Amino acid sequence: MTKRISLTQYLIEQQRGEAQIPSQLRLLIEVVARACKRIAINVSKGALGEVLGSAGSENVQGEVQKKLDIIANEVLIEANEWGGHLAGMASEEMDDMVGVPNRYPQGEYLLLFDPLDGSSNIDINVSIGTIFSVLKHKGGDVTNESFLQPGTAQVCAGYCVYGPQTTLVLTVGKGVVMFTLDREMGAWWMTEDNMRIPEDTKEFSINMSNMRHWAPPVKRYIDECLAGKEGPRGKDFNMRWVAAMVADVHRILTRGGIFMYPWDKREPGKPGKLRLMYEANPMSFLVEQAGGMATNGLQRIMEIQPTQLHERVAVVLGSKSEVERVTAYHREVQ
Ligand code: AFP
């Protein structure tokens, strides 16, 4: 029989070993993983659980919220508020951060999450997920400003994909590991102990319908990929777009590739569509820990100093040599 390592065993080993994670961080990760199990159960019920469709409300970014966006947000808050490991939480679905209620002890960490990434996939039964990022609280009252730390300050990041399998991928800064949920046992078992992104790839991921709005460096890169064997790259490229960053990044962590959600002319005043704190930073931490690279076209994403909780950013991430190429194309026209 294969001897598997559970999430608990892995975290205890990280506490004792090289990563030396503090017990509060270990508890935090276990609580988030438990919340993801509850979200997975809700997701899998679909129409039978009456969880599909719109909630009839909008979030701070003016996006229509789905019922599952709200359920997942509540599950994460309820699970995390009483354990004594958190100072506060911030979510893509809430205008402002939430503190820990006074009746509970306050901990050292700040948790940020996109409770349900890819919500347009919910009703069509395609992969979705939860993305999270953990920062250390620097002290004093917890406010929105407490969360405005660059991605390099993250002590942990991860995501859970609710797809054909439910998988939890995480980093505490010592590589990237993957766990798969055993639904009968209700346990997370390690199924990949060192995820690595190959340096080169033949697969790109971008919403091609926005092509006419792209900046010249992005257009140049994709045109060269599309030219295939006969073009300057001398090889054929494949394309994939799940429309849930969490699933697209999971594919890249599994078999390589490049993912882009660049700035475009539709809303020239916005740097991009994706959120720096809830999506780009945690994914960049994971990608870098797996040997890949993540930039906004010009700069390493994790070095951006955030100025607002719901800040947006252009994203280019994945296989190192491709991200370097796209970044070089942007720098050439600066
Ligand atoms: P939602 O969670 O609001 O559906 O957005 C998902 C997302 O932010 C990201 O996960 C996808 O990569 C991207 O949007 C897809 O956007 P397009 O619909 O513009 O392709």
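Draft legend 1. Main features of the nonpolar core. With 46 residues, the main nonpolar core has Leu111, Tyr162, Leu168, Leu170, Phe179 and Trp188 as its most contacted residues. Top element by residues in this core is helix α2 (residues 23–45). It accounts for eleven residues. When sequence neighbours within four positions are dropped, the list of residues in contact with Phe179 reads Ile5, Ser6, Leu7, Tyr10, Thr166, Thr167, Leu168, Leu170, Trp188, Trp189, Met190 and Thr191. With 41 residues, the next largest nonpolar core counts Ile197, Ala244, Ala280 and Leu317 among its residues.

Draft legend 2. Representation of the site of the ligand within the structure. Within the structure, the ligand sits among 16 residues, and Asp117, Gly118, Asn207, Met245 and Tyr261 are positioned closest to it. With respect to the ligand, the backbone of Met245 contributes an N or O atom lying 2.7 Å from an oxygen atom. One of the side-chain nitrogen or oxygen atoms of Lys273 is found 2.9 Å away from an oxygen atom of the ligand. Compared with its free state, where it exposes 480 Å², the ligand has 85% of that area covered by protein. At the level of elements, β5 (109–117), β13 (258–261) and β14 (274–275) are the ones that each hand at least two residues to the shell around the ligand. A class-by-class count of the residues in the shell around the ligand yields eight nonpolar, four polar and four charged. Summarising the domain contributions, the shell around the ligand has at least three residues from each of domain 1 (7–192) and domain 2 (203–332).

Draft legend 3. Geometry of unusual backbone geometry. With phi around 60°, Asn125 is a residue other than glycine that occupies positive phi space. Using a relative accessible area of 73% as the deciding quantity, one classes Asn125 as exposed. Phi angles above zero are rare outside glycine, and Ala243 is one such case at about 70°.

Draft legend 4. Examining the environment of Met260 more closely. By secondary structure assignment, the location of Met260 is in strand β13. Expressed as a C-alpha distance, the spacing of Met260 and Asp200, which sit 60 residues apart in the sequence, is 16 Å.

Draft legend 5. Expanded view of the domain arrangement of the protein chain. Considered domain by domain, the protein chain is made up of domain 1 (7–192) and domain 2 (203–332). Between the C-alpha centres of domain 1 and domain 2 there is a distance of 24 Å. Carbon and sulfur atoms supply 65% of the area that domain 1 and domain 2 bury against each other, a total of about 2800 Å² over both sides. When residues of domain 1 are sorted by the area they lose upon contact with domain 2, Ile131, Leu148 and Tyr159 head the list and together hold 21% of the total. The interface formed by domain 1 and domain 2 contains one salt bridge. For the pair domain 1 and domain 2, the interface holds 13 residue pairs in polar contact (both at pLDDT 80 or more). Among the elements of the structure, β3 (86–91), β5, β6 (128–136), β7 (156–162) and β8 (166–171) are those that each provide at least two residues to the side of domain 1 that touches domain 2. For the side of domain 1 that touches domain 2, a count of residues per class yields 23 nonpolar, 19 polar and seven charged.

Conventions adopted
Residues numbered from 1 in each chain as written. Predicted model: local features only at pLDDT ≥ 70, side-chain atom pairs only at ≥ 80, totals over all residues. Heavy atoms only, no water. Core = buried A, V, L, I, M, F, W, Y, C linked by side-chain atoms within 4.5 Å. Buried < 20%, exposed > 50% of the residue type's maximum accessible area, 1.4 Å probe, protein only. Helix = DSSP H or I, 4+ residues; strand = E, 2+ residues; numbered from the N terminus. Contact = heavy atoms within 4.5 Å. Near = heavy atom within 4 Å. Polar contact = N/O pair within 3.5 Å; in protein donor to acceptor, adjacent residues only side chain to side chain. Areas by Shrake-Rupley, 256 points an atom, 1.4 Å probe, with all protein chains shown as cover. Nonpolar A, V, L, I, M, F, W, Y, C, P; charged D, E, K, R; others polar. Domains from an automatic or database assignment. Buried area = accessible area lost by both parts, 1.4 Å probe. Salt bridge = Lys/Arg side-chain N within 4 Å of Asp/Glu carboxyl O.

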